[in-house]
Amino acid sequence: MDSDPAGPSLTTAPVNRRSSPQQASTFAAEQLSPAYPRRAAWGTAGRLRAWQAAALKQYMDAAPQDFLAVATPGAGKTTFALRVATELLGQGIIQKVTVVCPTEHLKSQWADAAARVGVHIDPSFQNSQGQAGSHFDGVAVTYAQVAANPKVHENRTRAYSTLVILDEIHHAGDALSWGDGIRQAFSPATRRLALTGTPFRSDTSPIPFVRYIEDESGVRHSRADYSYGYGPALADGVVRPVIFHSYSGAMQWRTSAGDEIAARLGEDLTKDLTKQAWRTALSPEGEWVPAVLAAANQRLDQMRKQIPDAGGLVIASDQQTARAYAGHLARITGKSATVVLSDDEDASDRIDTFASGTDKWMVAVRMVSEGVDVPRLCVGVYATSASTPLYFAQAIGRFVRARRRGETASIFLPAVAPLLQLAANLEEERDHALGRPRDQEMTAEERALAMARRSEKASGELQGSFEALRSGAEFAGVLFDGADFGTLAEVGSIEEQEFLGIPGLLEPEQVSLLLHERQTKQMAEQRRARAAAGLRANNAGISDHRQRAQARKDLNKLVAQWSRRSGESHASIHATLRRLCGGPEVAKATTAQIQTRIAKLQDWFVGKR
């Protein structure tokens, strides 16, 4: 669900279904507030946000049976959908509304939001009831509930002219039975309005009631009737910009074969080693997690200076680690964190209590990965190994709901290529594609990957025997507006502190300028520090081979970070540096030659390439 930041207006009057179509339309335009709030967020215009008004006009003009609206999380899809419902009810086109959503918690959120515009939805409807009470305008159900007995919902749909709102429609492809159930239950519907913020999936399961167009290579792509992506929403001030804080560090683990492996998180590793290093970092027994949680808490404290109710969310892989992360936060902050687990009966109540309160931290596994509205969330820790575009986009969507001008969101994550690439591509819009090019056969490896993806859980847990031994954290820089800033620095260092201390209320242009300034300052300070360290080493009689070893280590760290930023291979970067600076390969270069390459690489970071 994707309601607007300030929540629906409590003063909105009920829909008058006896009015003429013109009167109903006039009523809706006058009574429904801009972004659905008592106070519209910056970026809204008129009585509806610009995209909502445009989408509504397109919908009412076309009067389609099926309509797919794609809007980035936080943009206000719920507002748009309920506006459509009030219009259709007011004009007598429909008699009932059915809302289908992914989770039980969202059923109540939809019912509460609908009630504020005079549409009464029963979120407690059970399949065994057959029909909802006559005093309700409709029901809210889950995709799983429909799939369990589609005939019940088919009969309800046939009994009344019905608008079916399919919230996060991509879930209809989670299982074949879900898609079949949705198709059977709602084929008789008068109107179907599909909503999603992430119009793509990790597999190729078809989504019912979505229009697909086949390209010249035989791949079918979904086509939205109206799209409003993160980029336009950010430009309109409807959503917050996101600053990604990445952390690397030294990892050590023991494999199922008993081998002990050491590697640095974020280095150029194989996929298997990357996953194992990543998993080691997320272990609550190591030092990486508490260090990153402490940094995130420091960032949250900074933001609460200007946004007093700003909250933080840690997204964990499973229930055991969620509880362990909460323990770390309690030791860091001196206060207990709210822990939300899907198995807890009061999970929805805990989310609601946190959303309306001022507590600092919540830790969850799946309950808040999609659709749950906690507009005050400003800081997140992505402490899970899930790396599908769908899950990542939905998780980040929990933090982008703008409430006032100048708000930013900060997300802390492991410095691994899959996540950094997803973060860099945040503004890209994707279509759901079905099939493969006719001339492209699936390899055995690709078939195995597809099978793994079909069975992938949201927690993204890795399988097999594994033991995390040690982990350490190191600040790796920040990603903002598709650009990297900062270089590797120790946790607690001045370099890290300057990036954590960015004010919580800044325009995007101000954020970019400040990040550029701090990166330039960081580079200059690192050069001075290296020069001073070299002088001290010479005066102390430290052997050249030790100085050279440290210089090579510093160079390799910078090369790894530039590789993440540019997409170039480590070998290509080293070759370019050697060509520009002269001298032999790194293994044979002198300390002075390596330091020259470090200086050249630092120039690249501040735009002097």
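Below: a short report on this structure.

About the criteria used
Within each chain, residues carry numbers counting from 1 in the order of the written sequence. Given that the model is predicted, a residue must reach a pLDDT of at least 70 before its local features are reported, and side-chain atom pairs must reach 80 or more before they are shown or counted; all residues, however, enter totals for whole chains, interfaces and linings. Side-chain descriptors were evaluated using all non-hydrogen atoms of the structure, hydrogens and water having been removed beforehand. Secondary structure elements are defined from DSSP: runs of H or I of at least 4 residues count as helices, runs of E of at least 2 residues count as strands, and each element is numbered from the N terminus. Remark: exposure states derive from per-residue accessible area (1.4 Å probe, protein chains only) relative to the maximum for the residue type, with buried under 20%, exposed over 50%, and partly exposed in between. Every accessible area reported is derived by Shrake-Rupley at a probe size of 1.4 Å, with residue values counting cover from the shown protein chains alone. By nonpolar core we mean a set of buried residues, namely Ala, Val, Leu, Ile, Met, Phe, Trp, Tyr and Cys, connected to one another through side-chain atoms within 4.5 Å. The contact criterion used is simple: two residues touch if any of their non-hydrogen atoms lie within 4.5 Å. Whether two strands pair comes down to DSSP finding at least two bridges between them. What makes a salt bridge here is a side-chain nitrogen of Lys or Arg within 4 Å of a carboxyl oxygen of Asp or Glu, nothing more. Stacked, edge-to-face and tilted labels apply to pairs of Phe, Tyr and Trp rings (six-membered ring for Trp) whose centres lie within 6.5 Å, assigned for plane angles under 30 degrees, over 60, and everything in between, in that order. Here an angle of 0 to 180 degrees is reported between the N-to-C directions of two axes, which are lines fitted to C-alpha atoms, with helices fitted over the stretch in contact. Here roughly perpendicular refers to angles of 65 to 115 degrees, roughly parallel to angles under 35, roughly antiparallel to angles over 145, and oblique to all remaining angles. In this scheme, a crossing is called left-handed if the near helix is turned counterclockwise away from the far one by less than a right angle; it is called right-handed if the turn is clockwise.

Overview of the overall build of the chain
Here comes step 1: Each helix and strand in the chain was counted, giving 20 helices and 21 strands.
Here comes step 2: When the 609 residues of the chain are sorted by exposure, 54% land in the buried category.
Here comes step 3: For the chain, the accessible area works out to roughly 25,600 Å², and carbon and sulfur atoms hold 49% of it.

Digging into the nonpolar core
Here comes step 1: Residues Phe80, Phe244 and Trp288 are the most contacted members of the largest nonpolar core, which totals 122 residues.
Here comes step 2: The element that contributes the greatest number of residues to this core is helix α10 (residues 288-304), accounting for nine residues.
Here comes step 3: Residues within four places of Trp288 in sequence aside, it is in contact with Tyr247, Ser248, Met251, Leu265, Ala281, Leu282, Leu413, Pro414, Ser471, Gly472 and Ala473.
Here comes step 4: Val100, Val152, Ala194 and Val210 belong to the second largest nonpolar core, which has 21 residues in total.

Points about the sheet that holds strand β1 (residues 66-71)
Across a sheet, paired strands are connected by hydrogen bonds in the backbone, their directions being either parallel or antiparallel.
Here comes step 1: Taken in spatial order, the seven strands line up as β3-β4-β2-β5-β6-β1-β9 in an open sheet, and their pairing is parallel. Each having just a single partner strand, β3 (121-122) and β9 (226-228) make up the two edges of the open sheet.
Here comes step 2: Examined bridge by bridge, strand β5 (residues 162-166) and strand β6 (residues 191-196) share four bridges and lie parallel to one another. Each residue of the ladder has a partner; that of Val164, found in β6, is Arg192.

What about the pattern of salt bridges?
A side chain with one charge can pair with a side chain of the opposite charge if their charged atoms come near.
Here comes step 1: Applying the stated criterion across every chain yields a total of 17 salt bridges.
Here comes step 2: Arg211 serves as the salt-bridge partner of Asp225, at 3.8 Å between the closest nitrogen and oxygen. Residue Asp225 is found in the loop between β8 (220-222) and β9, and its partner Arg211 is found in the loop between β6 and β7 (212-214); the two are separated by 14 residues along the sequence.
Here comes step 3: You can call Arg211 partly exposed: its relative accessible area is 43%.
Here comes step 4: Via salt bridges that share partners, Arg240, Asp309, Arg403 and Glu407 belong to a single interconnected network.

Digging into the packing of aromatic side chains
Here comes step 1: Enumeration over the complete set of coordinates arrives at 12 aromatic pairs.
Here comes step 2: Pairing Phe244 with Phe392 gives two aromatic rings, centres 6.1 Å apart and planes at 25°, and the pair type is stacked. Note that Phe244 is positioned in strand β10 (residues 242-255) and Phe392 in helix α13 (residues 389-396), a separation of 148 residues in sequence. Of the two residues examined, Phe244 and Phe392, each falls in the buried class.
Here comes step 3: Among the aromatic residues, those joined into a ring-pair cluster are Trp51, Tyr59, Phe67, Phe80, Tyr226 and Tyr228.

Here's the deal with the packing of helix α6 (residues 150-159) against helix α7 (residues 176-186)
Here comes step 1: Between α6 and α7, whose axes approach to 7 Å, the crossing angle comes to 25°. As far as their axial angle goes, α7 and α6 are roughly parallel. When the axes of α6 and α7 are compared, the crossing they make is right-handed. Only Gly181, Gln184, Ala185 and Phe186 of α7 make contact with α6, whose side of the interface consists of Pro150, Lys151, His153, Glu154 and Thr157.

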